[in-house]
Amino acid sequence: EGSAIAYFLLTFVASWVLWTIAANLDRPAMAQAVFLLGTFMPGILALALTFKNQGESGCKELLGRIVKVHLDWRWYLFAIGYIPALKLLAAGMHKVLTGVWPRFGETPLVLMLAAMLISTWAQAGEEIGWRGYALPRMSTRLGLGPASILLGIIWGIWHYPLFFYPGADVHGQSLAFYVAQVTALSVAMAWLYWRTNGSLFIVMLLHAAANNLKDIAPSAVTKPGDVFFAGGSLMGWIGLSALWLCAGLFLYQMRHVTVIDAGKPAS
């Protein structure tokens, strides 16, 4: 089946080396290509290890989860609306606590939705690896809930070099705060993956929605040069609390789950 530990080590080394190379290239187009290659390494290495251990049939099964799209409409509603709903809830709590609304994003919603739809397919570069390859292997040993937490921590730390990469979304943010957010999101993604019997497409959509719709009400605090600061805006702390409140509910539902049956028809 292959070792999740070996997979993580290979992914960290490959991605971090490629991002370091990209940061030191003078040609923007080449730097962007190398940067994207580093971003796609979780999926690329997952497919390589699957082919090594299970052959062509294993790769076909793994890739087949991407086209597992015949799902009940409520899962699509959840994938697209989860982050915006929590953001609007946090904004309402901010209003209650301070008497004023937080700053809302200036990007038109239609553009954010278009970016989400376009970028959904690009998320395969990560999700084939994180949810498709690593999570099932971890859950058989740890249980789905604990595996989703550990995977979230690993997933968050994998982004570490990007906190110093100019132009990256996480540049200058608090690493600890980011990892806490990503870990709570990892729990939600594991729950959604389980409830849809291993649909990679739906977690790719949630991943894209989290990336592109989070700035409906921005909450990130940046402090370039010091990614180890623990600060966060009030919106950030409220949002993090909401993420973990939901994560607690998902963890409770997953408390006895150890196997994600990707062979079943999606519900």
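Up top you'll find the structure we're talking about.
Summary of the structure given here. Model, not experiment: these values are computed from the prediction.

Two elements in contact, helix α5 (residues 124–142) and helix α8 (residues 200–213), have axes separated by 10 Å at closest approach and are oriented at 120 degrees. The orientation of α5 with respect to α8, classified from their angle, is oblique. At the point where α5 passes α8, the crossing takes the right-handed sense. Residues Ala124, Glu126, Glu127, Ile128, Arg131 and Gly132 of α5 pack against Leu200, Val203, Met204 and His207 of α8. Among the residues making up the contact of α5 with α8, the classes are represented as 5 nonpolar, 2 polar and 3 charged.

Moving on: the pattern of salt bridges. The final tally for this structure, using the stated rule, is 5 salt bridges. Linking glutamate 56 and lysine 60 is a salt bridge whose minimum nitrogen-to-oxygen distance equals 3.4 Å. Placement of both glutamate 56 and lysine 60 in helix α2 (residues 28–64) is noted, with a separation of 4 residues, approximately one turn of the helix. There is no split in this pair, since glutamate 56 and lysine 60 are both exposed. Residue lysine 223 is joined to aspartate 226 by a salt bridge in which the shortest nitrogen-to-oxygen separation is 3.7 Å.

This part is about the nonpolar core. Core analysis: the biggest nonpolar cluster contains 76 residues, and Tyr7, Phe8, Tyr82 and Phe250 have the highest contact counts within it. Examining the composition of this core, we find that 13 residues originate from one element, helix α7 (residues 175–195), more than from any other. Apart from the residues within four sequence positions on either side, tyrosine 82 is in contact with Leu77, Ala188, Leu206, Leu243, Cys246 and Phe250. Among the nonpolar cores identified, the runner-up in size contains 5 residues, and Ala90, Ala91, Met235 and Ile238 belong to it.

With that settled, consider a nonpolar patch on the surface. On the surface, a nonpolar cluster with roughly 470 Å² of combined accessible area is contributed by Leu89, Met93, Val96, Leu97 and Leu234. At 4 residues, helix α3 (residues 73–98) tops the list of elements feeding residues into the nonpolar patch.

A word on α2. Taking 1.5 Å per residue, 37 residues should reach 54 Å; α2 reaches only 34 Å between its end C-alpha atoms and comes up short. Its maximal kink placed at glutamine 54, α2 deviates by approximately 135 degrees.

What counts, and where the lines are drawn
- Residues numbered from 1 in each chain as written.
- Predicted model: local features only at pLDDT ≥ 70, side-chain atom pairs only at ≥ 80, totals over all residues.
- Heavy atoms only, no water.
- Axes fitted to C-alpha atoms, helices over the stretch in contact; angles between N-to-C directions.
- Helix = DSSP H or I, 4+ residues; strand = E, 2+ residues; numbered from the N terminus.
- Parallel < 35°, antiparallel > 145°, perpendicular 65-115°, else oblique.
- Left-handed = near helix turned anticlockwise from the far one by under 90°.
- Contact = heavy atoms within 4.5 Å.
- Nonpolar A, V, L, I, M, F, W, Y, C, P; charged D, E, K, R; others polar.
- Salt bridge = Lys/Arg side-chain N within 4 Å of Asp/Glu carboxyl O.
- Buried < 20%, exposed > 50% of the residue type's maximum accessible area, 1.4 Å probe, protein only.
- Core = buried A, V, L, I, M, F, W, Y, C linked by side-chain atoms within 4.5 Å.
- Patch = residues over 30% accessible without salt bridge, like charges linked within 9 Å, V, L, I, M, F, W, Y side chains within 5 Å.
- Areas by Shrake-Rupley, 256 points an atom, 1.4 Å probe, with all protein chains shown as cover.
- Expected span 1.5 Å × (residues − 1).
- Bend = angle between axes of the 7 residues up to and from the residue.

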